[in-house]
Amino acid sequence: MRKQKINYKKFPDKQGRFGKFGGRFVAETLMPLLLEVEEQYKKAKKSNDFKKKLEYYFTNYVGRPSPLYFAKRISKQLGDVKVYFKRDELNHTGAHKINNCVGQILLAMKMGKKRIVAETGAGQHGLATATVCALFDLKCIIYMGKLDIKRQAPNVFKMKLLGAEIVPVESGTATLKDAMNEALRDWVSNVDDTFYVIGTVAGPHPYPMMVRDFQSIIGIEAKKQILKVEKKLPNYLVACIGGGSNALGLFYPFLNDESVQIFGVEAGGEGTNTKKHAASLSKGKPGFLHGNYTYLLQDEHGQITDAHSISAGLDYPGIGPEHSWLKEQGRVKYFSATDREALEAFKLCSKLEGIIPALEPSHALAFLLKNAKKFKKNDLIIMNMCGRGDKDIFSISEHLDVKLNQK
Amino acid sequence: MENRIEKKFKELKSSNKKALITFITSGDPNYKTSQKIMQTLRLNNVDLIEIGIPFSDPMADGPTIQRSSQRAIKSGSKLESTFKLIQEFRVKEKKIPIILMGYFNPIFQYGLERFFKKCRIVGVDGIIVVDLPPEENDYILRFTKKFNIHNIRLLTPTTNKKRLKQILKYTNGFLYYISVMGITGTKKPSILEVEKSVKEIRKMSNLPICVGFGITNRNQIKNLNRFSDGCVVGSAIVKFIEEFCKGKVTEKKMLTSISDFLANLQK
Ligand SMILES: Cc1ncc(COP(=O)(O)O)c(C=O)c1O
């Protein structure tokens, strides 16, 4: 029997499900709020006024469209394939995160909210949120794991300059997942005036859908751009996966294009055969966290376990529910790259292309380098260069020193 | 077979009394001490005992219960040991209803049918799954019915009329009204606001209504009990356990402090 063709644009369903994944698993206090956000989002999506505003800020503030750049020397390194970088690292604030922040904060204002809370890992989502809050004169509170505050000092400093309040999170593992717990706790405690801007395609419905929609500008542009210069669709898409928002942003507009093969790259940390990684899809199993059903790193008793990655932005034990579903559908294939491989890719990209990438997309590039032999000549690949490396140079210099000392 | 929760509320009603419900986390700070605390609760005639299943990411809990959960996980508290704790408690104590309160993931990973069956076997009477809203109730409905475990639901200041109806459809035993907008053990409830909400809920349901979150003293309880059917005290008890863990008091002193505290609440 032939497998029935799926229209990927039809998901999530009414309950916020992607197949069996997703949904809305939160305490009662949050339920009415989530329903309200969903309703308002649906209205906004149809409103021309909202669309115009979004477009205005994308063009004039974020700097969209971002270029699709033919990375010639990397392509050569990979054996005469054609790699294009979708350069969302050139966005204002240096990553794709701001696409979603502009969208959600415009929605928050439409809903009359005056206080914004957000979680952040690498600090990129926090930075983007703080930036847009400064722009619109909104109160901004950023929850950030204590460990991440140390790893991402430049972003912490910037957020403070922008007027945001940073709340260090010490509970649990003091990283991204705990920051998300704290942001959710803040939201339930301040429901009247507060909007929670989630930074990735995770959380309870409607967040995974909403964040995906705002980020899908990446893929919409990339598709137009590649068709213009190459006159055909790409053979492959590649993106790194923390919660999965930059990846879905690129992938989503291509999901129904069967000829396009799609790869997501998780953080392999010290190796997926060790305990120190963040590869929820390859090594986790489905469960419930942060309001949705998805693949999670957890022990046999259902306690969430620590994720590990050199990149604070990928250091999350879960993954957006749509990715869990795309994995089970076989539509997207998921792999991982280790800390070490990402560092090598980071160095190579800087030298060959004059682009210092963030550690997160370095994972996507590492995957390409690792699999260079599997691609054919002239294969067309789009990789999401979703962030620049400014935020990472201090922590990377430390890592590189450690290696020098070991010699 | 009558569920202990219904029986308890009938008894309380006929003697014109209100329920005192207490919360502790299973295995905080360890199995043995949990056993002793359970006995202390029993000897002080609390009406219902709520036992928290520890979870690594307790989204609806404030710092006190978060730390309690972490201590419990560290001491090796698992669902198996929680069931054992209850089973051993039930050897002597047949009457006090026991309610398990937890987050969905540990329960789901244990296996839903296995979980509810075990609840029945060891003598659990009700369950509160914090992060399972009525919209997702299908996950457990079959099993709560099959094993006669009451599905107790939380109502909050944000619950509107439409939701209230939906929630009532899936609730039995009693209604748990969360008195504040927020997490456990942080804000103090406004008695007037709670009274208004409880009266609204009464118009739509005959179930007993108990109030929880932020309740720490006798005065609050007296005021709340003028219109509610009982109160839940959680963080205030867990704080005694925390004192003990910090080495500030001995175990014995902690147990007498809990005793004194409960006696005072019931005065
Ligand atoms: C540059 C960059 N890429 C990727 C991520 C990971 O998030 P996501 O998988 O949602 O794109 C982050 C998160 O902070 C980031 O800063």
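Residues numbered from 1 in each chain as written. Chains lettered and ligands numbered in written order. Predicted model: local features only at pLDDT ≥ 70, side-chain atom pairs only at ≥ 80, totals over all residues. Heavy atoms only, no water.

Peer 1: Got a sec to walk through the overall build of chain A? Specific residues and values, please.
Peer 2: Secondary structure assignment for chain A yields 16 helices and 14 strands. For chain A, whose C-alpha radius of gyration is 20 Å, the value lies close to the compact-globule estimate of 22 Å for 407 residues. Burial statistics for chain A: of 407 residues in total, 65% are counted as buried. When contacts within chain A are restricted to residue pairs at least 6 apart in sequence, long-range pairs at least 24 apart make up 74% of them. Carbon and sulfur atoms provide 52% of the accessible area of chain A, an area that totals close to 15700 Å². (Helix = DSSP H or I, 4+ residues; strand = E, 2+ residues; numbered from the N terminus. Rg over C-alpha atoms; globule rule 2.2 N^0.38 Å. Buried < 20%, exposed > 50% of the residue type's maximum accessible area, 1.4 Å probe, protein only. Contact = heavy atoms within 4.5 Å. Areas by Shrake-Rupley, 256 points an atom, 1.4 Å probe, with all protein chains shown as cover.)

Peer 1: Pulling in residues and values, what's your account of the pairing of strand S9 (residues 236-241) of chain A?
Peer 2: Residue and element names in this part refer to chain A. Counting buried positions along S9 yields six of six residues, so the element is predominantly enclosed. Relative to strand S10 (residues 261-269), S9 runs parallel, the two being bridged by six bridges. Counted as the bridge partner of cysteine 240 is valine 265 from S10. Handedness of the S9-helix H11 (residues 245-251)-S10 crossover: right-handed. For S9 and strand S14 (residues 380-384), the ladder comprises three bridges, and the chain directions are parallel. Residue pairing across strands places valine 238 opposite methionine 383, the latter belonging to S14. (Pairing = 2+ DSSP bridges. Right-handed = clockwise from strand over helix to strand, strands pointing away.)

Peer 1: I'd love a proper account of the sheet that holds strand S2 (residues 48-52) of chain B, names of residues and values included.
Peer 2: All names here are of chain B. Read from one edge of the open sheet, nine strands run S5-S4-S3-S2-S1-S9-S8-S7-S6, paired in parallel fashion. Looking along the sheet, the strands with just one partner apiece sit at the ends: strand S5 (150-151) and strand S6 (153-155). One ladder, built from three bridges, connects S6 with strand S7 (residues 175-178); its direction is parallel. Paired with leucine 154 across the bridge in S7 is tyrosine 176. With respect to the sheet, helix H10 (residues 218-225) is in contact with strand S1 (19-25), strand S8 (209-212) and strand S9 (230-233), its orientation differing from that of S9 by roughly 150 degrees. (Axes fitted to C-alpha atoms, helices over the stretch in contact; angles between N-to-C directions.)

Peer 1: Account for the packing of aromatic side chains, with residues named and values stated.
Peer 2: With the rule as written, the count across this model stands at 39 aromatic pairs over all chains. When the ring of tyrosine 56 of chain A is compared with that of tyrosine 57 of chain A, the centres are 5.1 Å apart and the planes differ by 90 degrees; the resulting orientation is edge-to-face. Of the aromatic side chains, those joined through ring pairs into one cluster are Phe21, Phe25, Phe288, Tyr293 and Tyr295 of chain A together with Phe104, Phe108 and Tyr139 of chain B. Note that lysine 84 of chain B overlies the ring of tyrosine 31 of chain B, its terminal NZ or CZ placed 4.7 Å from the centroid. (Phe/Tyr/Trp six-rings, centres within 6.5 Å; stacked < 30°, edge-to-face > 60°. Lys NZ or Arg CZ within 6 Å of the ring centre and 35° of its normal.)

Peer 1: So what about the site of the ligand? Which residues, and what values?
Peer 2: All names here are of chain A. Around the ligand lies a shell of 18 residues, among which Thr200, Gly242, Gly244, Ser245 and Asn246 are the nearest. The separation between an oxygen atom of the ligand and a polar side-chain atom of threonine 200 is 2.5 Å. Contacts to the ligand include serine 245, whose side-chain N or O atom sits 2.7 Å from an oxygen atom. When the free accessible area of the ligand is taken as 390 Å², the share hidden by the protein chains comes to 98%. Residue assignment for the shell around the ligand shows that the elements contributing at least two residues are S9 and H11. Residue classes in the shell around the ligand are distributed as six nonpolar, ten polar and two charged. Taken domain by domain, the shell around the ligand gets at least three of its residues from each of domain 1 (16-59 + 96-211) and domain 2 (65-94 + 216-400). (Near = heavy atom within 4 Å. Polar contact = N/O pair within 3.5 Å; in protein donor to acceptor, adjacent residues only side chain to side chain. Nonpolar A, V, L, I, M, F, W, Y, C, P; charged D, E, K, R; others polar. Domains from an automatic or database assignment.)

Peer 1: Before we move on, can you summarise the interface of chain B and chain A with the specific residues and values?
Peer 2: The interface is formed by 35 residues belonging to chain B together with 38 residues belonging to chain A. Regarding the contact of chain B and chain A, the summed buried area is about 3000 Å², with carbon and sulfur atoms giving 53% of it. Taken as a group, Asp57, Met59 and Gln109 of chain B account for 22% of the area that chain B buries against chain A, more than any other trio of residues on that side. The interface formed by chain B and chain A contains three salt bridges. For lysine 177 of chain A, the salt bridge identified is with aspartate 57 of chain B, shortest N-O distance 2.8 Å. Elements that contribute at least two residues to the side of chain B that touches chain A include exactly helix H3 (63-74), helix H5 (104-110) and helix H8 (161-169) of chain B. Of the residues forming the side of chain B that touches chain A, the biggest block, five residues, is contributed by H5 of chain B. Each residue belonging to the side of chain B that touches chain A can be placed in one class, and the counts come to 18 nonpolar, nine polar and eight charged. (Buried area = accessible area lost by both parts, 1.4 Å probe. Salt bridge = Lys/Arg side-chain N within 4 Å of Asp/Glu carboxyl O.)

Peer 1: Outline unusual backbone geometry, listing residues and values.
Peer 2: Residues apart from glycine generally show negative phi values, whereas peptide bonds are mostly found in trans. The peptide bond linking histidine 205 of chain A to proline 206 of chain A adopts the cis configuration, its omega dihedral lying at 15 degrees. Topologically, proline 206 of chain A is positioned in the loop between strand S8 (194-196) and helix H9 (207-215). The amide bond that connects aspartate 28 of chain B to the next residue, proline 29 of chain B, takes the cis arrangement and shows omega of -5 degrees. Structurally, proline 29 of chain B is set in the loop between S1 and helix H2 (31-43). A positive phi angle is found at aspartate 80 of chain A, which is not glycine, with a value near 60 degrees. Tracing the backbone through its elements, the reader meets aspartate 80 of chain A in the loop between helix H3 (72-77) and strand S4 (82-86). The phi dihedral of asparagine 45 of chain B is positive, around 55 degrees, even though this residue is not glycine. Position of asparagine 45 of chain B relative to the elements: it lies in the loop between H2 and S2.

Peer 1: Talk me through the packing of helix H11 (residues 235-245) of chain B against helix H12 (residues 251-266) of chain B; I want residue IDs and the actual numbers.
Peer 2: All names here are of chain B. It is at 9 Å that the axes of H11 and H12 come closest, and there the two elements cross at 165 degrees. It follows that H11 is roughly antiparallel to H12 by the angle criterion. In this structure, the crossing between H11 and H12 has a hand that is right-handed. Each of Ala236, Ile237, Phe240, Ile241 and Phe244 in H11 lies in contact with H12, whose residues at this interface are Glu251, Met254, Ser257, Ile258, Phe261 and Leu262. Taken together, the residues that form the contact of H11 with H12 break down as nine nonpolar, one polar and one charged. (Parallel < 35°, antiparallel > 145°, perpendicular 65-115°, else oblique. Left-handed = near helix turned anticlockwise from the far one by under 90°.)

Peer 1: Give a description of the side chain of aspartate 178 of chain A that names residues and reports values.
Peer 2: Mapped onto the fold, aspartate 178 of chain A is located in helix H8 (residues 176-189). Exposure remark for aspartate 178 of chain A: the relative accessible area of 1% places this residue in the buried category. Polar contacts involving the side chain of aspartate 178 of chain A include one to the side chain of threonine 173 of chain A, which spans 2.5 Å. Apart from residues lying up to four places away in sequence, aspartate 178 of chain A is in contact with Val169, Ser171, Gly172 and Thr173 of chain A together with Asp57 of chain B.

Peer 1: Break down the nonpolar core for me, citing the residues and quoting the values.
Peer 2: Side chains of a nonpolar character, in soluble globular proteins, are inclined to be buried together. Membership of the largest hydrophobic core comes to 184 residues, with the highest contact counts inside it found for Phe195 of chain A together with Leu100, Phe115 and Phe174 of chain B. Counting residues domain by domain, this core receives three or more from each of domain 1 (16-59 + 96-211) and domain 2 (65-94 + 216-400) of chain A. The residues contacting phenylalanine 174 of chain B, other than those within four sequence positions of it, are Ile5, Phe9, Ile21, Leu48, Ile99, Ile152, Arg153, Pro208 and Cys210 of chain B. With 32 residues, the next largest nonpolar core counts Leu314, Cys349, Phe367 and Ile381 of chain A among its residues. (Core = buried A, V, L, I, M, F, W, Y, C linked by side-chain atoms within 4.5 Å.)

Peer 1: Break down the confidence of the model for chain B for me, with residues and values.
Peer 2: Mean pLDDT over chain B works out to 96, with 100% of the residues at or above the 70 mark. As a predicted assembly, this complex carries a pTM of 0.96 together with an ipTM value of 0.96. (pLDDT = per-residue confidence, 0-100.)

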